[in-house]
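Examining the three-dimensional arrangement
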Amino acid sequence: MSEGISQPDQPEAVAGEGKDLFSKFDDIIHTREALLASGVEDPFNLVMEKVLSPTRAVCNGRDTILLGTYNYMGMTFDPDVIEAGKQALADFGSGTTGSRVLNGTYQGHKACEEALKEFYAMDHAMVFSTGYQANLGIISTIAGKGDYIVLDIDSHASIWDGCAMGNAEVVPFKHNDIEAMEKRLRRIPEGAGKLVVLEGVYSMLGDIAPLKEMIAVAKKYGAMVLVDEAHSMGFIGPNGRGVAEEQGCLEDVDFVIGTFSKSVGTVGGFCVSNHPKFEIMRLVCRPYVFTASLPPSVVATAATSIRKLMHGGNKRAHLWENSKRLHGGLTGMGFTLGTTEPQSAIVAVIMPDLERGAAMWEALLHEGLYVNLARPPATPANMTLLRCSLCAEHSEEEVETILGMFERAGKAVGII
Amino acid sequence: MDRSEVDSTIRSLIEPFNKKGVELTDATSFAGDLEFDSLTVMDFVAAIEDKFDIIISMNQQAEIENYGQLVDAVCKLQGGA
């Protein structure tokens, strides 16, 4: 602005004034402003000032029980895991500053891939910098022009983005609907490559997929199968390999996608496979090639954690107890849950609408409990959910405390 | 099926999804006029796919904005199948 001149520097009031590339976000900006204007604490701007353990933190100044972290096996503060990370930080430095295919593959990345191969008893393992990139990379790379991807409509954003990034035809089917999936597979033109993408546990409602039946159908039509086991690793299945292992169909899965940011307790993603040509992925998968590899401390903590998860039978049993106790308690109080039976370590509490969902979320936070508020469009059927993810380190008493908090908050907000 | 038969078949399929009884012309848009959200689109597309035994992939759906384009696309897909 030039001083002393009555004319503005730029033309006034042009057509479409106030409109720019951000105008497309106006609806979500207004929804958010309206929610915050009601006085509710911002559900998407929580700060953890201190983390005391896998299940406790100081959030927005309050001592809080964590019930929304996906830290299923509580490995984040495991002494062996921490020690491995410290050692790698001292020995290999703070970062690799390079791609896996150039200067970014350290001994620790190979050790981490060895641990994954042993964990899943599979021939190949490829570590990505995040779970998101694992889905993005594998899906967009293996399904190309003229191929078909048949996927569940409730698939995670990373799966959809992998589809969007590739050039395959994308064909969704109704959630967990075996018949709808089969119809679509049957109609695919002869000779086209087919990839079926499924998840073991669907994170929004915490329900599992009928993988055995679905994979049998996929194989009948000659499709390759990719299963995202992000929310089941370390917990579901006799060896913690996931829902496919639990249902006895892991050997028919061509690609398992997983993450280090849940049960493993750090960050990173991976794909394991028995495909004889799998190693070529390292050269053709862009989200693997064109990004820096994980820091040495991260792969060291991941490898240590994965090896410990192989022997996590007792923790798995306790986590199931926690899930059943929370699910049963909440059902008894009259809350509506995402599943009628506990199927995973996620218990989703269905809220009547976003306003009461946000009020309930805040009431729980004031009680000293953190859960995830999930809202459309991330949720199926436009639901507002309070998503609880349990940890093997939650004690029986803590789960009882959590139930008491839900009861008081639910009554205060008028949901039960 | 010729275009008019495809048209009348789709008209009957769209009825349960056309809650406001919006009048259908070739220019009627799914997002704007019919206010279909993503879930409605999925169910509606599934109904058409089942009726005509075709696949309308999401890539193809992205090109279909109005009713007339849908009728044209279905005519083409059942011909080419």
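Residues numbered from 1 in each chain as written. Chains lettered and ligands numbered in written order. Predicted model: local features only at pLDDT ≥ 70, side-chain atom pairs only at ≥ 80, totals over all residues. Heavy atoms only, no water.

A few words on the overall build of chain A. Looking only at helices and strands, chain A has 14 helices and 16 strands in total. Against the 2.2 N^0.38 benchmark of 22 Å for 416 residues, chain A shows a C-alpha radius of gyration of 23 Å, consistent with a compact globule. Across its three principal axes, chain A shows a C-alpha extent of roughly 70 × 60 × 55 Å. Split into buried and exposed, the 416 residues of chain A put 53% on the buried side. For chain A, long-range pairs separated by at least 24 residues make up 68% of all intrachain contacts whose partners lie at least 6 apart in sequence. For chain A, the accessible surface area stands at approximately 18200 Å², while carbon and sulfur atoms represent 53% of it. (Helix = DSSP H or I, 4+ residues; strand = E, 2+ residues; numbered from the N terminus. Rg over C-alpha atoms; globule rule 2.2 N^0.38 Å. Buried < 20%, exposed > 50% of the residue type's maximum accessible area, 1.4 Å probe, protein only. Contact = heavy atoms within 4.5 Å. Areas by Shrake-Rupley, 256 points an atom, 1.4 Å probe, with all protein chains shown as cover.)

Moving on: the domain arrangement of chain A. Residue and element names in this part refer to chain A. As far as domains go, chain A holds domain 1 (39-73 + 313-413) and domain 2 (80-309). Relative placement of domain 1 and domain 2: their C-alpha centres are 27 Å apart. On the domain 2 side, the residues contacting the 21 residues of domain 1 number 19 residues. Joining domain 1 to domain 2, the criterion identifies 0 salt bridges. The tally of links from domain 1 across to domain 2 stands at 7 residue pairs in polar contact (both at pLDDT 80 or more). With 3 residues, the top contributor of residues to the side of domain 1 that touches domain 2 is helix H12 (residues 313-333). Here the residues of the side of domain 1 that touches domain 2 are counted per class, giving 13 nonpolar, 6 polar and 2 charged. (Domains from an automatic or database assignment. Salt bridge = Lys/Arg side-chain N within 4 Å of Asp/Glu carboxyl O. Polar contact = N/O pair within 3.5 Å; in protein donor to acceptor, adjacent residues only side chain to side chain. Nonpolar A, V, L, I, M, F, W, Y, C, P; charged D, E, K, R; others polar.)

All names here are of chain A. The geometry of H12 relative to helix H14 (residues 396-413) is characterised by a closest axis approach of 10 Å and an angle of 20° between their N-to-C directions. As the angle between them shows, H12 and H14 are arranged roughly parallel. Note that H12 runs across H14; the crossing there is right-handed. When H12 is examined against H14, the residues His318, Asn322, Arg325, Leu326, Gly329, Leu330 and Met333 are found in contact with a partner set consisting of Glu396, Val399, Glu400, Ile402, Leu403, Phe406 and Glu407. Looking at side-chain class alone, the contact of H12 with H14 contains 7 nonpolar, 3 polar and 4 charged residues. (Axes fitted to C-alpha atoms, helices over the stretch in contact; angles between N-to-C directions. Parallel < 35°, antiparallel > 145°, perpendicular 65-115°, else oblique. Left-handed = near helix turned anticlockwise from the far one by under 90°.)

Residue and element names in this part refer to chain A. A full pass over the atoms with the stated rule returns 16 aromatic pairs over all chains. Where Phe119 meets Tyr120, the ring centres are 5.0 Å apart and the plane angle is 65°; that geometry is what we call edge-to-face. With a relative accessible area of 2%, Phe119 lands in the buried category. The class for Tyr120 is buried, based on a relative accessible area of 2%. What links up through ring pairs into an aromatic cluster is the set Phe119, Tyr120, Phe260 and Phe270. (Phe/Tyr/Trp six-rings, centres within 6.5 Å; stacked < 30°, edge-to-face > 60°.)

For chain B, the average pLDDT comes to 93, and 98% of its residues sit at 70 or higher. Complex prediction metrics read pTM 0.93 and ipTM 0.92. (pLDDT = per-residue confidence, 0-100.)

The next subject is the pattern of salt bridges. Inspection of the entire model under this criterion finds 30 salt bridges over all chains. The closest approach of N and O atoms between Glu118 of chain A and Arg307 of chain A, which form a salt bridge, is 3.1 Å. Of this pair, Glu118 of chain A sits in helix H3 (residues 107-120) while Arg307 of chain A sits in helix H11 (residues 296-309), placing them 189 residues apart in sequence. We classify Arg307 of chain A as partly exposed; its relative accessible area is 33%. Asp26 of chain B serves as the salt-bridge partner of Arg3 of chain B, at 3.6 Å between the closest nitrogen and oxygen. Of this pair, Arg3 of chain B sits in helix H1 (residues 3-14) while Asp26 of chain B sits in the loop between H1 and helix H2 (38-52), and the two are 23 residues apart along the sequence. With a relative accessible area of 32%, Arg3 of chain B lands in the partly exposed category. Residue Asp26 of chain B is classed as partly exposed on the basis of its relative accessible area, which comes to 39%. Connected through shared salt-bridge partners, Arg100, Lys110, Glu113, Glu279 and Arg282 of chain A make up one network.

All names here are of chain A. Inspection of the sheet shows strand E1 (residues 48-53) paired to strand E2 (residues 56-59) by 4 bridges, in the antiparallel sense. Paired with Lys50 across the two strands is Val58, which belongs to E2. Adjacent in sequence and paired antiparallel, E1 and E2 are bridged by 2 residues. (Pairing = 2+ DSSP bridges.)

In this section: unusual backbone geometry. Residues and elements named next belong to chain A. At Tyr70, a residue that is not glycine, the phi angle is positive and equals roughly 60°. As for its placement among the helices and strands, Tyr70 is situated in the loop between strand E3 (62-66) and helix H2 (79-92). Residue class for Tyr70 comes out buried when judged on its relative accessible area of 16%. The backbone of Asn382 sits at a positive phi, close to 55°, despite the residue not being glycine.

Let us look at the pairing of strand E10 (residues 224-228) of chain A. All names here are of chain A. The element E10 is largely enclosed, with a buried count of 4 among its 5 residues. Across 5 bridges, the pairing between strand E7 (residues 194-199) and E10 is parallel. For Leu198, the partnering residue across the bridge sits in E10 and is Val227. As defined by bridge partners, E10 adjoins strand E11 (residues 255-259) across 3 bridges and the pair is classed as parallel. Looking at E11, one finds that Leu226 is bridged to Phe255.

Residues and elements named next belong to chain A. Turning to its location among the elements, Ile159 is positioned in helix H5 (residues 157-165). Spatially, the C-alpha atoms of Ile159 and Asn135 are 5.6 Å apart, while their sequence positions differ by 24 residues. If sequence neighbours within four positions are ignored, Ile159 has contacts with Asn135, Ile139, Leu151, Val197, Glu199 and Asp228.

Residues and elements named next belong to chain A. Read from one edge of the open sheet, 4 strands run E1-E2-E3-E14, paired in mixed fashion. The open sheet has two free edges, formed respectively by E1 and strand E14 (369-370), since each of these has just one partner strand. Pairing of E2 with E3 involves 4 bridges; the strand directions are antiparallel. Pairing of Cys59 across the sheet is with Arg62, part of E3.

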